[in-house]
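# Fold and contact review
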Amino acid sequence: MAYDDLRGFLDALDEAGQLLRVTEEVRPEPDIAAAANAAPRLGDAAPALYFDNVRGFTDARIAMNVHGSWANHALALGLPKETPAKEQVAEFIRRWDRFPVAPEWREDPPWAQNTLEGDDVDIFRVLPLIRLNDGDGGFYIDKAAVVSKDPDDPENSGKQNVGVYRIEVKGRRKLALQPVPMHDIALHLRTAEERGEDLPVAITLGNDPVITIAASTPMKYEENEYELAGALRGAPAPIAKAPLTGLPVPWGSEVVIEGVIEGRKREIEGPFGEFTGHYSGGRSMPVIRIDRISYRTDPVFEHLYLGMPWTECDYLIAANTAVPLYKQLKADFPEVQAVNASYTHGLVVIVSTKKRYGGFAKAVGLRVLTTPHGLGYATTVIVVDEDVDPFNLPQVMWALSTKMNPSGDLIRIPNLPVVELAPQANTPGVVDKLVIDATTPVGADRRGNYGNQVRDLPEAAEWLTRLQALAARR
């Protein structure tokens, strides 16, 4: 079943016993975040949480842990909630084969019911903002889909981007955004700044569940997230035109914030408790000026708790990190059998593969590091045999314990790029990466004998002179 908005999915979760409505009064801090922190510990069928009795707020409606279990993730894809994680990844791969499915333009989006514009903009009037972790530098919006276009090619729908980025609230009309250099919005911003321009953006909150999955997927630069959402939904993703920027935004969003990333303007953003389970410090980041907010009456604020895994974030970015890596590797190496990049957004990637010849597994591991996701995230790649299930960690540990010989099966590559949030990097954004070959060794490729080289015949030099003379007389 395809859901057109967040409310429809919340109803479906409720019907399936996967929504827990917290009706007693709760404190905005720390109760809501603490509950979302605890919820995934209920297991792979943990429910979403819904709060509508928040102390100090008149009409707050806050949804947490919406994607925070394999059961909820399955329901988002229209699968039975009992579907195991490995089968969800396999189904994700099958649906990826339908890509692209063009989106469907619709009129009268629900988010157009109310508007704040210009000097009347005040984000605090629309959203019941709360902090997630004690050390956060302020209020954050961390489950919004941010829409932008390539300023050099704005009509190319493939070069538009829909991505999830952390956003700090700096004032009633001001936000700070962290555009990781590997992400498409960073490329858009660099292009805009080179042109001496601001970058128009639309920030959409409270989206249908598949839009959020697609916006969290590491796709190629010219691949359209709405077209992936259509493939995953089994129906075109409904979109509408944002009134101020003209950007295509999800039709069913609860809130649409429009404005610009102001060119060459930076302010301190952070710290924030990140997906790595560590705080990232304060850094100088781009600033967004909000020019318009459109929102549904009594909007539902969907928030995402991040912290020590597993949290909702880890369920959200597990399958959709593994699948594009699998598709990209499979295109180059048909021998690849499966990819598991479910842990901490794929900072560790496990690949199972058949092998053509000696050294083949290492080549597959190195290819992981050059994929769009591998460039910025994968720091350790473990390659195992085709009969080892990368989703079965005891099997992977067995392969590491019995197949890997440190004397020849470790490839360390210094000074490669990594997301600046990775805490293991001594210099933010740069780290040594490691490929571990935990496959059964196969014999070297012995086709040919290179010990006895064929050399020029002794008379060849004389004949070259004679041929040159003959050619000159023609």
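Coordinates for the structure precede this section.
None of these values were measured; they are calculated from a predicted model.

## A word on the overall build of the chain
Each helix and strand counted, the chain has 14 helices and 23 strands in total. Dimensions along the principal axes, computed over C-alpha positions, put the chain at roughly 95 × 60 × 45 Å. For the chain, the computed accessible surface area is about 20,300 Å², with 50% contributed by carbon and sulfur atoms. For the chain, the distance from the average site of its 50 positive side-chain charges to the average site of its 66 negative ones is 6 Å.

## Quick word on the sheet that holds strand β4 (residues 104-105)
Read across the open sheet, the three strands follow the order β4-β12-β13; overall the sheet is mixed. Edge strands, defined here as strands with exactly one partner in the open sheet, are β4 and β13 (248-250). Examined bridge by bridge, strand β12 (residues 238-241) and β13 share three bridges and lie antiparallel to one another. Bridge pairing in β13 places Lys-241 opposite Pro-248.

## Focus: the side chain of Asp-314
In this structure, Asp-314 sits in helix α9 (residues 312-316). Those residues within four positions of Asp-314 in sequence are excluded, and the remaining contacts are Pro-309, Ser-342 and Thr-344.

## Observations concerning the packing of aromatic side chains
If you walk through the whole model with that rule in mind, you get eleven aromatic pairs. Between Trp-70 and Tyr-315, the ring centres sit 5.7 Å apart and the planes meet at 85°, which makes this aromatic pair edge-to-face. On the criterion of sequence distance, the pair formed by Trp-70 in helix α3 (residues 70-76) and Tyr-315 in helix α9 is long-range, its members being 245 residues apart. A network of ring pairs unites the aromatic residues Trp-70, Trp-310, Tyr-315 and Tyr-343 as a single cluster. For Arg-21, the ring lying beneath its charged end belongs to Tyr-50, and the centroid distance is 5.2 Å. Of note, Arg-466 hangs over the ring of Trp-463, and the distance from its end group to the ring centre comes to 4.0 Å.

## Details of the layout of surface pockets
Its boundaries defined by the atoms lining it, the largest pocket holds a volume of some 670 Å³. Elements with a contribution of two residues or more to the lining of the largest pocket: β8 (161-164), α6 (184-194), α9 and α12 (372-376). Among the elements that take part in the lining of the largest pocket, β8 stands out by supplying four residues, more than any other. A class-by-class count of the residues in the lining of the largest pocket yields 22 nonpolar, eight polar and six charged.

## Things to note about helix α8 (residues 225-233)
Of all the nine residues making up α8, nine are buried; the element is thus mostly covered by neighbouring parts of the structure. Residues Glu-225, Tyr-226, Glu-227, Leu-228, Ala-229, Gly-230, Ala-231, Leu-232 and Arg-233 constitute the buried set of α8. The first or second residue beyond α8 is Gly-234, which carries a positive phi of 80°.

## Points about a nonpolar patch on the surface
Residues Trp-463, Leu-467 and Leu-470 make up a contiguous nonpolar surface patch of about 310 Å² in total accessible area. Considering the arrangement of structural elements, one finds Trp-463 in helix α14 (residues 460-472). Since its relative accessible area comes to 41%, Trp-463 is described here as partly exposed.

## What about the sheet that holds strand β2 (residues 48-51)?
With mixed pairing, the four strands of this open sheet are ordered in space as β1-β2-β3-β18. One side of each edge strand has no neighbouring strand; the edge strands of this open sheet are β1 (19-22) and β18 (301-302). As defined by bridge partners, β1 adjoins β2 across four bridges and the pair is classed as parallel. Paired with Val-22 across the strands is Phe-51, a residue of β2. Contacts from helix α2 (residues 31-38) reach β2 and β3 (62-64), with the element oriented near 165° to β2.

## What to know about the packing of helix α4 (residues 85-96) against helix α10 (residues 319-332)
Put simply, α4 and α10 touch, their axes get as near as 10 Å, and they point 55° apart. Taken together, the axes of α4 and α10 are oblique relative to one another. Between α4 and α10 lies a crossing whose hand is right-handed. Facing Val-89, Phe-92, Ile-93 and Trp-96 of α4, the residues of α10 in contact are Ala-319, Asn-320, Val-323, Pro-324, Tyr-326 and Lys-327. Counted by class, the contact of α4 with α10 contains eight nonpolar, one polar and one charged residues.

## Some thoughts on the nonpolar core
By size, the foremost hydrophobic cluster in this structure holds 126 residues, and its most contacted members are Ile-123 and Ile-293. Considering every element that reaches this core, the biggest residue donor is α10, with six residues. The residues touching Ile-123, leaving out its near neighbours within four places in the chain, are Leu-129, Ile-141, Val-169, Gly-171, Arg-172, Leu-175, Ile-257, Ile-290 and Ile-293. Counting nine residues, the second largest nonpolar core, distinct from the first, contains Val-396, Ala-399, Leu-400 and Ala-438.

## Some details on the pattern of salt bridges
Per the counting criterion, the structure on display carries 38 salt bridges. A salt bridge links Glu-29 to Arg-131; the nearest nitrogen and oxygen atoms lie 2.9 Å apart. Residue Glu-29 is located in the loop between β1 and α2, and its partner Arg-131 is located in the loop between α5 (123-126) and β6 (140-141); the two are separated by 102 residues in the primary sequence. Assessed through its relative accessible area of 33%, Arg-131 is described here as partly exposed. For Arg-166, the salt bridge identified is with Glu-274, shortest N-O distance 3.1 Å. Of this pair, Arg-166 sits in the loop between β8 and β9 (167-171) while Glu-274 is found in the loop between β15 (272-273) and β16 (279-280), placing the two residues 108 residues apart along the sequence. Exposure remark for Arg-166: the relative accessible area of 6% places this residue in the buried category. Bridged by salt links that share partners, the residues Asp-119, Arg-173, Glu-262, Lys-265, Arg-289 and Asp-291 form one connected network.

## Focus on unusual backbone geometry
With an omega dihedral of 5°, the bond running from Glu-29 to Pro-30 counts as a cis peptide bond. Checked against the element boundaries, Pro-30 lands in the loop between β1 and α2. The residue after Gly-270, namely Pro-271, is reached through a cis peptide bond having omega -5°. Following the sequence through the fold, Pro-271 ends up in the loop between β14 (255-269) and β15. The phi dihedral of Asp-108 is positive, around 50°, even though this residue is not glycine. Locating Asp-108 in the fold gives a position in the loop between β4 and β5 (114-117).

Conventions used here
Residues numbered from 1 in each chain as written. Predicted model: local features only at pLDDT ≥ 70, side-chain atom pairs only at ≥ 80, totals over all residues. Heavy atoms only, no water. Helix = DSSP H or I, 4+ residues; strand = E, 2+ residues; numbered from the N terminus. Areas by Shrake-Rupley, 256 points an atom, 1.4 Å probe, with all protein chains shown as cover. Lys, Arg positive; Asp, Glu negative; His and termini not counted. Charge placed at Lys NZ, Arg CZ, Asp CG, Glu CD. Pairing = 2+ DSSP bridges. Contact = heavy atoms within 4.5 Å. Phe/Tyr/Trp six-rings, centres within 6.5 Å; stacked < 30°, edge-to-face > 60°. Lys NZ or Arg CZ within 6 Å of the ring centre and 35° of its normal. 1 Å grid on protein atoms, 1.4 Å probe; cavity = no way out; pocket = protein on both sides within 12 Å on 5 of 7 lines; lining within 4 Å. Points joined across faces, edges and corners; volume = space filled by probe spheres on them. Nonpolar A, V, L, I, M, F, W, Y, C, P; charged D, E, K, R; others polar. Buried < 20%, exposed > 50% of the residue type's maximum accessible area, 1.4 Å probe, protein only. Patch = residues over 30% accessible without salt bridge, like charges linked within 9 Å, V, L, I, M, F, W, Y side chains within 5 Å. Salt bridge = Lys/Arg side-chain N within 4 Å of Asp/Glu carboxyl O. Axes fitted to C-alpha atoms, helices over the stretch in contact; angles between N-to-C directions. Parallel < 35°, antiparallel > 145°, perpendicular 65-115°, else oblique. Left-handed = near helix turned anticlockwise from the far one by under 90°. Core = buried A, V, L, I, M, F, W, Y, C linked by side-chain atoms within 4.5 Å.

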